[in-house]
Amino acid sequence: MSECNAQPLPELAFAEPWHAQVFAVTVALNEAGRFEWSEWADRFSKMLKRHGLSKELNGGNDYFHAWLETLEAYLAEMGDANPSDVAAVSLDWEEAYLTTPHGEPVHLSNG
């Protein structure tokens, strides 16, 4: 008889691909010297408190929406991302997502 040596699969670090992407962008900006991690952590902590997220977070959407909001606000403050431009691109992505057939890759139009 053979013995099964199957190992359990590791837990995913991120629940959604966009969680990993916004995390990676933030880390890349920090590593590029755009800001100190302690500055980021302070801003993110304040954003979580502002959202009332005092519960124990497990890295879900509420946590990463606050993360994204912090990053957008920080980039706007540094002059790197105009809030109206960010809002326009966000709407473009939403429209592209909603009009893309299921299972197909989502692309922004060239317009």
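Residues numbered from 1 in each chain as written. Predicted model: local features only at pLDDT ≥ 70, side-chain atom pairs only at ≥ 80, totals over all residues. Heavy atoms only, no water.

Engineer: With reference to specific residues and values, describe the nonpolar core.
Structural biologist: Counting residues in each nonpolar core, the largest one holds 14 residues, and the members touching the most others are Trp40, Phe44, Trp67 and Leu71. When residues of this core are traced back to their parent elements, those giving at least two are α1 (17-31), α2 (37-50) and α3 (61-77). The element contributing the most residues to this core is α3, with 6 residues. Leave out the neighbours within four places in its chain, and Trp67 touches Val22, Phe23, Thr26, Trp37, Trp40 and Phe44. (Core = buried A, V, L, I, M, F, W, Y, C linked by side-chain atoms within 4.5 Å. Buried < 20%, exposed > 50% of the residue type's maximum accessible area, 1.4 Å probe, protein only. Helix = DSSP H or I, 4+ residues; strand = E, 2+ residues; numbered from the N terminus. Contact = heavy atoms within 4.5 Å.)

Engineer: Would you mind going over the side chain of Thr26 in detail, with residue names and values included?
Structural biologist: One can find Thr26 in helix α1. Given the relative accessible area of 0%, Thr26 is considered buried. Excluding anything up to four places from it in sequence, Thr26 contacts Phe35, Trp37, Trp40, Trp67 and Leu71.

Engineer: Would you mind going over the confidence of the model for the protein chain in detail, with residue names and values included?
Structural biologist: Averaged over every residue, the pLDDT of the protein chain is 84; residues scoring 70 or more account for 86%. Across the protein chain, the secondary-structure element scoring lowest on mean pLDDT is helix α4 (residues 83-99), at 88, and the one scoring highest is α1, at 93. (pLDDT = per-residue confidence, 0-100.)

Engineer: Run through the packing of aromatic side chains, naming residues and quoting values.
Structural biologist: By the definition in use, this model includes 15 aromatic pairs. Summarising the aromatic geometry, the rings of Phe44 and Tyr63 are spaced 5.1 Å apart at their centres and angled 90° between planes, so their arrangement reads as edge-to-face. Here Phe44 is found in helix α2, whereas its partner Tyr63 is found in helix α3, with 19 residues between them in sequence. Between Tyr63 and Trp67, the ring centres sit 6.1 Å apart and the planes meet at 45°, which makes this aromatic pair tilted. Linking Tyr63 with Trp67, this pair stays in helix α3, spanning 4 residues, or about one helical turn. Take Trp67: its relative accessible area is 5%, and that puts it in the buried class. By way of ring pairs, the aromatic residues Phe14, Trp18, Phe23, Phe35, Trp37, Trp40, Phe44, Tyr63, Phe64, Trp67 and Tyr74 are connected into one cluster. Taking the ring centre of Tyr74 as reference, the NZ or CZ of Arg43 above it sits at 3.9 Å. (Phe/Tyr/Trp six-rings, centres within 6.5 Å; stacked < 30°, edge-to-face > 60°. Lys NZ or Arg CZ within 6 Å of the ring centre and 35° of its normal.)

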